[in-house]
Amino acid sequence: MTQSAKRARETLAHIWMEIFGLPEVGLDDSFYDLGGDSRSAVHLVARARRAGLDFTVKDLMVCQTIDALAELSPAGAATAPASEVHTESEVHTESTYPLMPLQARFFDSHFDDPTYFDPAHFNLTVPIEVDPGFSFETLRDSAERVLSRHEALRMRFAQSGDGWRQQPADSAEAWYEAVAVDTRSPGWLQEMDLQVDSFHHRFDLTTGPLIRFLFLNRGETEPGWLVMDVHHLVCDGISIEVLLEEIQDEYLARLAGRPSASLPKPCSYLGHLQELHRQVNSPAADAISRFWAAQPWNSIAPLPKDKPGDSRQLRYIKQIKASLDQARTRVLTTSVARFDCSVEDMLLASLAQSLRQTGWATTFAIDICRHGRDPLPSGRDTSRLVGWLNTADPHIISSDGIADGLPMLRSVVSQVRAFRQYETGWSELRYLSRDPELRKRLSAWPRRELYLNYQGRDISGDIMQAPFHPAVLPAGKPVPQVGEQPYQIKIAAEIRDGRLAFALAFSTEIYEEDTIEQLSQALSGNLTRLATELSTQEAAAIR
């Protein structure tokens, strides 16, 4: 074995142990047998490229073990493929650019009614505890270098004759503020909460900047708090983790007096955006649009409601939370490869059973959020691409006549794959197509009342190292309590601390809390029973 192959195996083993939280892994252990999913695959590829290994998420789907990946990509081999190299003249040839799918949906909201939605106040916020002696000046220098790498953070947004467009500013500026907090004064926590809340003021989408940092300094001997705030238009959950990791690495390098952290160049945001628009508006889009139009959207019955009202104003939204224990979660995640499915499929199958058992529905339409980093034809690596890349595509799921448990899971896998057989999804066609008639037809379908966002494994705690630590502190209101939840019920799920946790968000103007509690208990019970069945199942993988 060559030294480079040995280093590649050692590096990959270390990354796998970090991602899965395991004390050791075998060279022949399958990434998916260990519980890998699409989101953790993106993180694995991103970390591997930082370490000098060159492979993509598509490669990981084929070469699923450390041994296979090390042979594919010996240490030090990472270089940007030709398709990822963009000069200024190749990419920045226009003054403005079209939008990503969920950016377009965002601007499709009710901007004319300030009580409904505030477009300038829709933020993602990360609270961080920092050790005594933390240098905010070094943090600023580190952040500025990292932000300059990511084109999406330079985007500004303006309305023109053909709708909203984005345009790159000259640089990715950020706003920085340090505030001294006197912990000896009574009510200092309440005062700090007000500081953080005022920090969440509205961004100016036209002039920027769209990212800012607040340092709450509690003195030289006390831990401080750092709050990173970024407008959702230029960032999603995976992007937040990329930025945190890169800023932290740069900060530690500067603090130690080492050269700046060596990071692989991310692929061009604008290049990715332009390729996506070309794909959506290619001749192949006609067949894809016919597929979506042929679905029985109008046959989906509305979900039952407890109350005659229909208000989903954010001030009426509550959440019911639940989780599985670590043992059952482990069964679900390690069954993914054997049964050729995903944890998201398991959630959907259990939800279908729960809606049927509680008398809600046997067939339902649901929007499913996806991370938007699936490979495009060019093969460019998007694992470190920052931006709002998510999509939310509708799926019709039926449980009619299907037995619970594994038969339901098999059926749901088949139904989901039917909706994902094309590279271009509904979101792209609905919001990015240049055909106004097609956009009009797609927008005419009944609004989906259910939404699922499975975020995969939460690795935020694994990313941070001293002096940065995950924190729970008053974080103000990153989204103001005006506006509407666009769905009747939103389901958010992730694996946190080894447990599959989920939350059902609903309006108290539509449902009694007991009703949603019953649905949550049914979902938890069905996931538990599925885990039990999978743990004893010796059948071959789902076909």
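Notes on the structure follow. (Residues numbered from 1 in each chain as written. Predicted model: local features only at pLDDT ≥ 70, side-chain atom pairs only at ≥ 80, totals over all residues. Heavy atoms only, no water.)

### As for the overall build of the protein chain
Summing up its helical and strand segments, the protein chain has 18 helices and 13 strands in all. Along the first, second and third principal axes, the C-alpha atoms of the protein chain reach 65 × 65 × 55 Å. Considering only contacts within the protein chain whose residues lie at least 6 apart along the sequence, 79% involve residues at least 24 apart. Separation between the mean location of the 55 positive side-chain charges and that of the 74 negative ones in the protein chain comes to 3 Å. (Helix = DSSP H or I, 4+ residues; strand = E, 2+ residues; numbered from the N terminus. Contact = heavy atoms within 4.5 Å. Lys, Arg positive; Asp, Glu negative; His and termini not counted. Charge placed at Lys NZ, Arg CZ, Asp CG, Glu CD.)

### Brief notes about the sheet that holds strand β10 (residues 450-457)
With mixed pairing, the six strands of this open sheet are ordered in space as β7-β13-β12-β10-β8-β9. Two strands close off the open sheet at either side, each with one partner strand: β7 (317-323) and β9 (391-398). Going across the sheet, the axis of each strand differs from the next one's by a mean of 25 degrees, ignoring polarity. Alignment of β10 against strand β12 (residues 489-496), held across six bridges, turns out to be parallel. When the bridges of β12 are listed, L452 appears paired with I491. (Pairing = 2+ DSSP bridges. Axes fitted to C-alpha atoms, helices over the stretch in contact; angles between N-to-C directions.)

### Considerations on the pattern of salt bridges
One pass over the structure, following the stated rule, counts 21 salt bridges. For R9, the salt bridge goes to D67, with nearest N and O atoms at 2.6 Å. Placement of the pair is R9 in helix α1 (residues 3-20) and D67 in helix α4 (residues 66-72), with a sequence separation of 58 residues. The class of R9 is buried, set by a relative accessible area of 8%. With relative accessibility at 24%, the residue D67 sits in the partly exposed group. (Salt bridge = Lys/Arg side-chain N within 4 Å of Asp/Glu carboxyl O. Buried < 20%, exposed > 50% of the residue type's maximum accessible area, 1.4 Å probe, protein only.)

### Re the layout of surface pockets
Space inside the second largest pocket adds up to approximately 610 Å³. Lining the second largest pocket are 21 residues, and of these P98, L99, D162, H277 and Y431 lie nearest its centre. Of the residues forming the lining of the second largest pocket, the biggest block, four residues, is contributed by helix α10 (residues 269-280). Per-class residue counts for the lining of the second largest pocket are nine nonpolar, four polar and eight charged. (1 Å grid on protein atoms, 1.4 Å probe; cavity = no way out; pocket = protein on both sides within 12 Å on 5 of 7 lines; lining within 4 Å. Points joined across faces, edges and corners; volume = space filled by probe spheres on them. Nonpolar A, V, L, I, M, F, W, Y, C, P; charged D, E, K, R; others polar.)

### So, the environment of Y316
Tracing the sequence through the fold places Y316 in the loop between α11 (285-293) and β7. Linking Y316 and T508, residues 192 residues apart in sequence, is a C-alpha distance of 5.5 Å. If sequence neighbours within four positions are ignored, Y316 has contacts with S311, F506, S507, T508 and E509.

### Describing the packing of aromatic side chains
Applying the stated criterion to the full structure yields 23 aromatic pairs. Between the aromatic rings of F106 and W388, the centroid separation amounts to 6.2 Å while the plane-to-plane angle is 70 degrees, which identifies the pairing as edge-to-face. Residue F106 is found in helix α6 (residues 101-107), and its partner W388 is found in the loop between β8 (363-370) and β9; the two are separated by 282 residues along the sequence. Residue class for F106 comes out buried when judged on its relative accessible area of 4%. For W388, a relative accessible area of 6% translates into the label buried. Plain terms: the ring middles of F136 and Y176 are 6.3 Å apart, the flat faces sit at 70 degrees to each other, and that makes the pair edge-to-face. (Phe/Tyr/Trp six-rings, centres within 6.5 Å; stacked < 30°, edge-to-face > 60°.)

### Concerning the pairing of β12
The side chains of a regular strand alternate between both faces of the sheet. Here eight bridges tie β12 to strand β13 (residues 499-507), and the two strands are oriented antiparallel to one another. Counted as the bridge partner of K490 is A505 from β13. In textbook terms, the turn of a hairpin is the stretch between consecutive antiparallel strands, and for β12 and β13 this stretch comprises two residues, one of which, D497, has a positive phi near 55 degrees.

### As for the packing of helix α2 (residues 38-50) against helix α9 (residues 237-255)
Two numbers describe a pair of packed helices, the interaxial angle and the distance between the axes. Relative orientation of the contacting elements α2 and α9 amounts to 25 degrees, with a least axis distance of 11 Å. Relative to α9, α2 is oriented roughly parallel. Crossing handedness for the pair α2 and α9: right-handed. Together, R39, V42, H43, R47 and R50 of α2 and G237, I238, E241, E245 and D249 of α9 make up the contact between the two elements. Among the residues forming the contact of α2 with α9, the class breakdown is two nonpolar, two polar and six charged. (Parallel < 35°, antiparallel > 145°, perpendicular 65-115°, else oblique. Left-handed = near helix turned anticlockwise from the far one by under 90°.)

### Brief notes about the packing of helix α13 (residues 343-357) against helix α14 (residues 406-419)
Running from N to C, α13 and α14 cross one another at 115 degrees; their axes reach a closest spacing of 9 Å. Here α13 lies roughly perpendicular to α14, going by the angle between them. Every pair of crossing elements has a handedness; the one defined by α13 and α14 is right-handed. Of α14, the residues touching α13 (which contributes D345, M346, L348, A349, A352, Q353 and R356) are M408, L409, V412, V413 and V416.

### Brief notes about α2
With 13 residues, α2 extends 19 Å from end C-alpha to end C-alpha; this agrees with the ideal 18 Å at 1.5 Å per step. Counting buried residues along α2, eleven of its 13 residues qualify, which places the element largely inside the surrounding structure. In the segment just after α2, G52 is the residue with positive phi, at about 95 degrees. (Expected span 1.5 Å × (residues − 1).)

### Notes on the nonpolar core
Judged by nonpolar contacts, the single largest core of 100 residues is most densely connected at W16, F213, L226 and W292. The dominant element in this core, judged by the number of residues it contributes, is α9, at eight residues. Leaving out residues up to four positions away in the same chain, F213 has contacts with F136, L139, A143, A174, W175, Y176, E177, F199, L226, V227, M228 and I247. Core analysis: the second largest hydrophobic core is formed by 48 residues, I320, V416, L450 and I491 among them. (Core = buried A, V, L, I, M, F, W, Y, C linked by side-chain atoms within 4.5 Å.)

### Things to note about the state of the cysteines
One pass over the full model with this rule turns up zero disulfides. For the unlinked cysteine C341, the closest cysteine sulfur is that of C369, found at 20 Å. Its relative accessible area of 7% is what places C369 among the buried residues. (Disulfide = S-S within 2.5 Å.)

### A short note on α10
Taking 1.5 Å as the rise per residue, α10 with twelve residues should run 16 Å; its terminal C-alpha atoms sit 17 Å apart, in good agreement. Buried residues dominate α10, accounting for eleven of its twelve residues. Regarding α10, its N-cap is S268, as a side-chain oxygen of that residue lies 3.3 Å from the backbone nitrogen of L270 further along. (Polar contact = N/O pair within 3.5 Å; in protein donor to acceptor, adjacent residues only side chain to side chain.)

### Structural notes on the sheet that holds strand β11 (residues 468-470)
Note: strands within a sheet are paired through backbone hydrogen bonds, in either parallel or antiparallel orientation. One open sheet holds the five strands; their spatial order is β4-β5-β6-β1-β11, and the pairing between them is mixed. Looking at the sheet topology across the chains shown, the edges are occupied by β4 (175-180) and β11. Along the sheet, successive strands turn relative to each other by an average axial angle of 25 degrees, direction set aside. By the bridge criterion, eight bridges tie strand β1 (residues 123-130) to strand β6 (residues 224-231) in an arrangement that is antiparallel. Bridge pairing links L124 to V230 in β6.

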